[in-house]
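Observations on chain architecture
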Amino acid sequence: PNMQNFSQRQITANIVKGSLGNMIEWFDWYIYASFTIYFAPSFFPSTDQTTKLLSAAGVFAVGFLMRPLGSLIMGKFADVHGRRAALTLSVTIMATCSMIIALVPSYQTIGIFAPIILVLVRMIQGLSLGGEYGISATYLSEMASPNRRGYYASFQYVTLISGQLAALAIQGILQFFLSEPELRTWGWRIPFVIGALGAVLVLYLRLSMDETQQFESTANQKDKSSRGSLRGLMQYPGQVLTVIGLTFGGTIAFYTYTTYMQKYMINTLGLPNRTVTTINFLALFIFMALQPLFGAISDRIGRKPLLYWFGIMGTLLTVPIFVGLKYFSSPMMAFLLMLGGLLIVSGYTSINAIVKAEMFPTEIRALGVGLPYGLTVALFGGTVEYVALWTKSIGHENIFFFYVSFAVLVSLLVYVRMLETSKSSHLEK
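Residues numbered from 1 in each chain as written. Predicted model: local features only at pLDDT ≥ 70, side-chain atom pairs only at ≥ 80, totals over all residues. Heavy atoms only, no water.

Description of the overall build of the protein
Here is the rule: Elements are defined by DSSP. Helices are runs of H or I of four residues or more, strands are runs of E of two residues or more, and each kind is numbered from the N terminus. Within these notes, the globule rule equals 2.2 Å times the number of residues to the 0.38 power, and the radius of gyration is based on C-alpha atoms. Buried residues are those whose accessible area, probed at 1.4 Å on protein chains only, stays under 20% of the maximum for their type, while exposed residues exceed 50% and partly exposed ones sit between those limits. Pairs of residues are marked as contacts when any of their non-hydrogen atoms sit within 4.5 Å. Surface accessibility follows the Shrake-Rupley procedure with a 1.4 Å probe radius. Residue values consider only the protein chains on display as shielding. Charged residues are defined here as Lys and Arg on the positive side and Asp and Glu on the negative side; His and the ends of the chain fall outside this count. Think of each charge as sitting on NZ of Lys, CZ of Arg, CG of Asp or CD of Glu.
Per the secondary structure count, the protein includes 19 helices and 0 strands. The globule rule puts the C-alpha radius of gyration for 429 residues at 22 Å, and the 21 Å found for the protein is close to it. A total of 429 residues make up the protein; the buried ones form 57% of that total. In the protein, the share of contacts with a sequence separation of at least 24, taken over all contacts with a separation of at least 6, comes to 87%. Carbon and sulfur atoms provide 71% of the accessible area of the protein, an area that totals close to 17500 Å². If the 29 positive side-chain charges of the protein are averaged to one point and the 19 negative ones to another, these points end up 3 Å apart.

A look at the side chain of H426
Along the chain, the position of H426 falls in the segment after α19 (397-417). According to the relative accessible area criterion, H426 is buried, its value standing at 19%. Contacts of H426, omitting those with residues within four sequence positions, involve Q239, E358, M359, F360, P361 and R365.

Quick notes on the packing of helix α12 (residues 237-267) against α19
The following threshold applies: For helices, the fitted axis covers only the stretch in contact; all axes are lines through C-alpha atoms, and the angles between them, taken along N-to-C directions, range from 0 to 180 degrees. Note that the term roughly parallel is reserved for angles under 35 degrees, roughly antiparallel for angles over 145, roughly perpendicular for angles of 65 to 115, and oblique for everything else. Here a crossing is taken to be left-handed if its near helix is turned anticlockwise relative to the far helix by less than a right angle, and right-handed if that turn runs clockwise. Under this grouping Gly is polar, as are all residues other than the nonpolar Ala, Val, Leu, Ile, Met, Phe, Trp, Tyr, Cys and Pro and the charged Asp, Glu, Lys and Arg.
Across the interface, α12 lies against α19 with an axial gap of 8 Å and an inter-helix angle of 150 degrees. Between α12 and α19, the crossing angle belongs to the class labelled roughly antiparallel. In this structure, the crossing between α12 and α19 has a hand that is left-handed. Along the contact surface, α12 presents T242, G245, L246, F248, G249, G250, I252, A253, T256, Y260 and Y264, while α19 presents E397, F400, F401, Y403, V404, A407, V408, V410, S411, V414 and Y415. Considering only residue class, the contact of α12 with α19 consists of 15 nonpolar, 6 polar and 1 charged.

Overview of a nonpolar patch on the surface
Filter applied, for reference: Excluding any residue in a salt bridge, patches collect residues exceeding 30% relative accessible area, merging like charges within 9 Å and nonpolar Val, Leu, Ile, Met, Phe, Trp and Tyr side chains within 5 Å. Each reported salt bridge corresponds to a side-chain nitrogen of Lys or Arg within 4 Å of a carboxyl oxygen of Asp or Glu.
On the surface, I100, I112, F113, I116, I117 and L120 cluster together into a nonpolar patch covering about 490 Å² of accessible area. Looking at which element gives the most residues to the nonpolar patch, the answer is helix α5 (residues 113-143), with 4 residues. The topology assignment puts I100 in helix α3 (residues 83-103). When its relative accessible area of 35% is taken as the criterion, I100 is described as partly exposed.

Observations regarding the pattern of salt bridges
Between side chains of opposite charge, pairing is possible as soon as their charged atoms come close. With the rule as written, the count across this model stands at 8 salt bridges. Between R83 and D79 there is a salt bridge whose closest N-O contact spans 2.8 Å. As far as the burial class goes, R83 and D79 line up, both buried. For K263, the salt bridge identified is with E385, shortest N-O distance 3.3 Å. Here K263 is found in helix α12, whereas its partner E385 is found in helix α18 (residues 384-393), with 122 residues between them in sequence. Residue class for K263 comes out partly exposed when judged on its relative accessible area of 34%. Linked through salt bridges whose partners overlap, the residues forming this network are D79, R83, E142 and R365.

Observations concerning the packing of aromatic side chains
Applicable threshold: Centre distance within 6.5 Å is the pairing criterion for rings of Phe, Tyr and Trp, where only the six-membered ring of Trp is used; planes under 30 degrees apart are then read as stacked, over 60 as edge-to-face, and the remainder as tilted. As a reminder, the over-ring test applies to NZ of lysine and CZ of arginine, requiring each to be within 6 Å of the ring centre and within 35 degrees of the ring normal.
Applying the stated criterion across every chain yields a total of 27 aromatic pairs. With a centroid separation of 6.3 Å and 35 degrees between ring planes, the pair formed by F254 and F287 is classed as tilted. Placement of F254 in helix α12 and of F287 in helix α13 (residues 273-301) is noted, with a sequence separation of 33 residues between them. Just as F254 is buried, F287 falls in that class too. When the centroid spacing of 6.5 Å and the interplanar angle of 55 degrees are considered together, the rings of F310 and Y415 count as tilted. Placement of the pair is F310 in helix α14 (residues 304-327) and Y415 in helix α19, with a sequence separation of 105 residues. An identical accessibility class is assigned to F310 and Y415; each is buried. Taken together, the aromatic side chains of Y257, Y260, Y264, F322, F400, F401 and Y403 make up a single cluster linked through ring pairs. Above the plane of the ring of Y32 lies R122, whose end atom (NZ or CZ) is 3.9 Å from the centre.

Quick look at empty space enclosed by the protein
Applied cut-off: Residues are called lining when one of their atoms sits within 4 Å of a cavity or pocket point, these points coming from a 1 Å grid over the protein atoms alone, where a cavity is a set in which a 1.4 Å probe fits but cannot get out and a pocket is an open set with protein on both sides within 12 Å along at least five of seven lines. Grid points are joined across faces, edges and corners, and a volume is the space filled by probe spheres set on the points.
In the structure shown here, the tally under the stated rule is 3 cavities of 30 Å³ or more. In this structure, the largest cavity spans a volume of roughly 50 Å³. What lines the largest cavity is W26, Y157, L160, T251, F254, Y255, Y348, Y373 and V377. Listed by contribution, the elements that provide at least two residues to the lining of the largest cavity are α7 (155-177), α12 and α17 (365-381). Per-element tally for the lining of the largest cavity: the top contributor is α12, with 3 residues. Along its surface, the second largest cavity is lined by R67, L129, G130, Y133, Y373, G374 and V377. Across the lining of the second largest cavity, the residue classes tally to 4 nonpolar, 2 polar and 1 charged.

Side note on the nonpolar core
Using the following cut-off: Buried Ala, Val, Leu, Ile, Met, Phe, Trp, Tyr and Cys residues that are joined via side-chain atoms within 4.5 Å together make up what is termed a nonpolar core.
In terms of nonpolar packing, the biggest core is built from 107 residues, with M265 and F360 touching the most fellow members. The dominant element in this core, judged by the number of residues it contributes, is α12, at 13 residues. Filtering out sequence-adjacent residues up to four positions away, M265 remains in contact with G270, L271, V276, I279, N280, A334 and M338. Listed in part, the 15 residues of the second largest apolar core include M74, L87, I135 and M143.

Such coordinate-based values are descriptive only and should not be taken to indicate function.
Shown next as structure tokens:
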């Protein structure tokens with residue numbers, strides 16, 4: 001069948017609908033992190049040791065178990081039942097979870113059930129988010145017109161970062177209008193209501209999305225047993241290992257520059273909280289705007305030059321950037337160095353979705369993109385802060401910066417060996 005029966009307008013509309021859901025999923029994910037300080041006392045009272053352990057275990061499970069499990073379950077669902085059905089399901093789960101968190105009574109009202117409900121709901125959100133990456137990467141890549149795949153697929157990180165920025169913005173607004181006690185008693189519930197309503201709106205939009213033609217053209221194949229199956233995926237060991245190697249350095253660098261750097265500016269450099277929030281907001285905003293630009297460049301010159309940019313610069317400059325932060329601890333320098341780091345990481349973030357999607361055939365694409373990525377992010381992206389704080393606690397924080405450089409170097413070696421995916425793309429077959 002002719003792969004491109006959609007007009008440019010239909011493609012754009014579908015990409016917007018696909019991306020907005022990604023934004024809402026990440027918004028719902030980040031508000032939990034941003035508002036934990038306000039709602040934690042309502043669910044995990046410091047007097048009760050069990051709830052403290054439950055809190056720690058829940059955070060751990062969500063970070064390391066649920067997301068790969070989500071990419072396995074949801075990836076299989078997307079390869080069997082279609083991208084649209086899977087994207088709709090994942091945003092429905094997110095909306096429901098956010099609403100439950102907004103309404104769940106506190107520990108003072110229902111005792112131990114409060115933290116149990118919160119942790120379980122958070123784990124289900126982790127499943128949903130784990131699935132969202134592989135499915136939306138697949139959908140955006142398949143929906144895009146062939147010569148603009150890098151550009152369109154870059155919107156995955158645009159919406160991921162915009163979800164984070166929206167969470168930061170809502171937090172700032174609520175901190176401005178509500179007092180600390182108000183935020184602790186009821187104010188923290190507001191962002192979850194916003195997240196749930198946003199997800200319902202996106203659900204409505206997603207119901208009018210078109211299924212991709214790649215999926216449609218394989219949907220009536222006779223043999224469906226290998227669709228979205230681990231057995232089917234195991235026929236592509238090279239691709240699976242490439243996704244792991246590709247993600248390894250990228251995810252460690254991404255979390256180092258977007259999440260850990262914020263704590264580093266506060267704890268090690270001693271910059272005031274508000275200043276750090278401003279620096280982060282501005283740097284992330286520019287980082288977000290850069291993604292489509294990098295994606296469009298990859299459509300012109302191929303994916304590998306951008307991966308080389310990230311691999312070489314990340315290996316050479318990570319240590320100087322963090323050591324430089326210590327020497328020039330002015331807010332302006334902190335902003336410029338953070339932006340420098342994000343400029344390097346853009347070589348990976350802007351195109352990692354399309355590169356992975358180009359490696360797998362349609363019938364296992366969502367699983368192939370999502371599962372190896374989910375496992376790598378859980379093991380290495382999710383542990384960035386633990387490793388960083390551990391090296392700080394033994395008095396050798398610099399070891400962590402060398403660890404990040406080494407991880408990027410490992411990925412660089414993978415980039416050198418892999419094929420140029422835009423030339424050997426499964427999306428065109």
